[in-house]
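Residue-level listing of the chains:
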Amino acid sequence: MRFYVNIDHVATVRQARRTDEPDPVRAAVLAELGGADGITVHLREDRRHIQDRDVELLLQTVRTGVNLELAAASDILELACRWRPMQATLVPEKREEITTEGGLDLQSPESRGRVETALARLAEAGVRTSLFIDPEEGAVRVAAEMGADAVELHTGEYANARPEMRGREIERLQTAASLARKLGLAVHAGHGLTYENVAPVAAIPELEELNIGHSVVSRAIFTGMEAAVREMAERIRRARRAT
Ligand code: PXP
């Protein structure tokens, strides 16, 4: 299991004052020292947190690997193909949302066409591809047909579910993960995961990668990034060992 730390919200704090601190590159170095297997950043179209320069510096600095989240929009795709991060995760993006709200729409022909074009361009640039989708059979099947390397299953509904509904959400994630693996996709997961709720997701055997941001950055404010990452990595390891 790989644990990727999303450091977008380090940049959110910096952008609150449009100054030069806290520095996402420094956060990435400390996250790696704490045991992160990779660094994730989302270059949003409105550049509300991570900036182009951050991605360029991270690509030069990060020793593990950079997973770049991006919308299937031509200007951002052009940057991704030039930068060639280790992995690109295509996500849906709406300007007014606070965070990514749902998985990619792979049903409507228009959205599907955009994702297909993006996958082809990224593959041509030699970038490993992942599609952020809801844990649903239809989406998993389309992602496999499209030839993505991986899917990232959206764990937001699990994270937001009332305690009595969480078991059902884990079953949905488990079913989608098994199908994805059967169809030859690598399986990732993320969104809304915290120190308290990560264990049942981390225990899903097919999962190869978790992307966690807000909870880790929040804890890092009090404990420092290295300790925050180390603690989450330990919880993930414990959950895997228990299965
Ligand atoms: N995975 C994807 C595709 C995301 O868009 C995000 C949020 O940027 C995350 C994972 C991380 O979510 P969180 O910050 O809630 O841990």
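Below or above, wherever it landed, is the structure these notes cover. Small disclaimer: the values here were computed from a predicted structure and weren't measured. All residue numbers refer to positions counted from 1 along the written sequence of the respective chain. Selection of residues for local features in this predicted model requires a pLDDT of at least 70, selection of side-chain atom pairs for listing and counting requires 80 or more, and totals for whole chains, interfaces and linings are taken over all residues. Only hydrogens and water are set aside; all other atoms, that is, all heavy atoms of the structure, feed into the side-chain values.

### Description of unusual backbone geometry
Most peptide bonds adopt trans geometry, and most residues besides glycine take a negative phi value.
Step number 1: Cis peptide bonds are those with omega within 30 degrees of zero, and the linkage from glutamate 21 to proline 22 qualifies with 0 degrees.
Step number 2: For arginine 18, which is not glycine, the phi dihedral falls at a positive 45 degrees.
Step number 3: Only runs of H or I of at least four residues qualify as helices and only runs of E of at least two qualify as strands under DSSP, and these elements are numbered from the N terminus. The topology assignment puts arginine 18 in the loop between α1 (8-15) and α2 (24-33).
Step number 4: Judged by its relative accessible area of 70%, arginine 18 is exposed. Note on classification: 1.4 Å probe, protein chains only; a residue is buried when its accessible area is under 20% of the maximum for its type, exposed when over 50%, partly exposed between these limits.

### Some thoughts on the environment of alanine 239
Step number 1: Relative to the helices and strands, alanine 239 resides in helix α11 (residues 225-241).
Step number 2: Those residues in contact with alanine 239 that sit more than four places away from it in its chain are Ala199, Ala202 and Ala203. Two residues qualify as a contact provided that any one of their heavy atoms is within 4.5 Å of a heavy atom in the partner residue.

### A look at the pattern of salt bridges
Step number 1: Take a side-chain nitrogen of Lys or Arg and a carboxyl oxygen of Asp or Glu: if they are within 4 Å of each other, that pair is a salt bridge. Per the stated rule, a full pass over the model turns up 17 salt bridges.
Step number 2: A salt bridge links arginine 141 to glutamate 137; the nearest nitrogen and oxygen atoms lie 2.9 Å apart. Residue arginine 141 and its partner glutamate 137 are located together in helix α6 (residues 137-146), separated by four residues, close to a single helical turn.
Step number 3: By relative accessible area, which is 36% here, arginine 141 ends up partly exposed.
Step number 4: Sharing partners across several salt bridges, the network here consists of Glu136, Glu157, Glu169 and Arg172.

### A look at the sheet that holds strand β2 (residues 38-42)
Step number 1: In space, the eight strands of this closed barrel follow the order β1-β2-β3-β4-β5-β6-β7-β8, with parallel pairing throughout. If you compare each strand with its neighbour and ignore which way they point, the axes differ by 25 degrees on average.
Step number 2: Pairing between two strands is assigned when DSSP locates at least 2 bridges connecting them. In terms of strand pairing, strand β7 (residues 186-190) meets strand β8 (residues 207-212) through four bridges, oriented parallel. Opposite glycine 190, over in β8, you have asparagine 211 as the bridge partner.
Step number 3: Together, β4 (87-90) and β5 (128-133) form the strand contacts of helix α5 (residues 109-124), whose direction differs from that of β4 by roughly 175 degrees. Throughout, an axis means a line fitted to C-alpha atoms (over the contacting stretch in the case of helices), and angles, computed between N-to-C directions, take values from 0 to 180 degrees.

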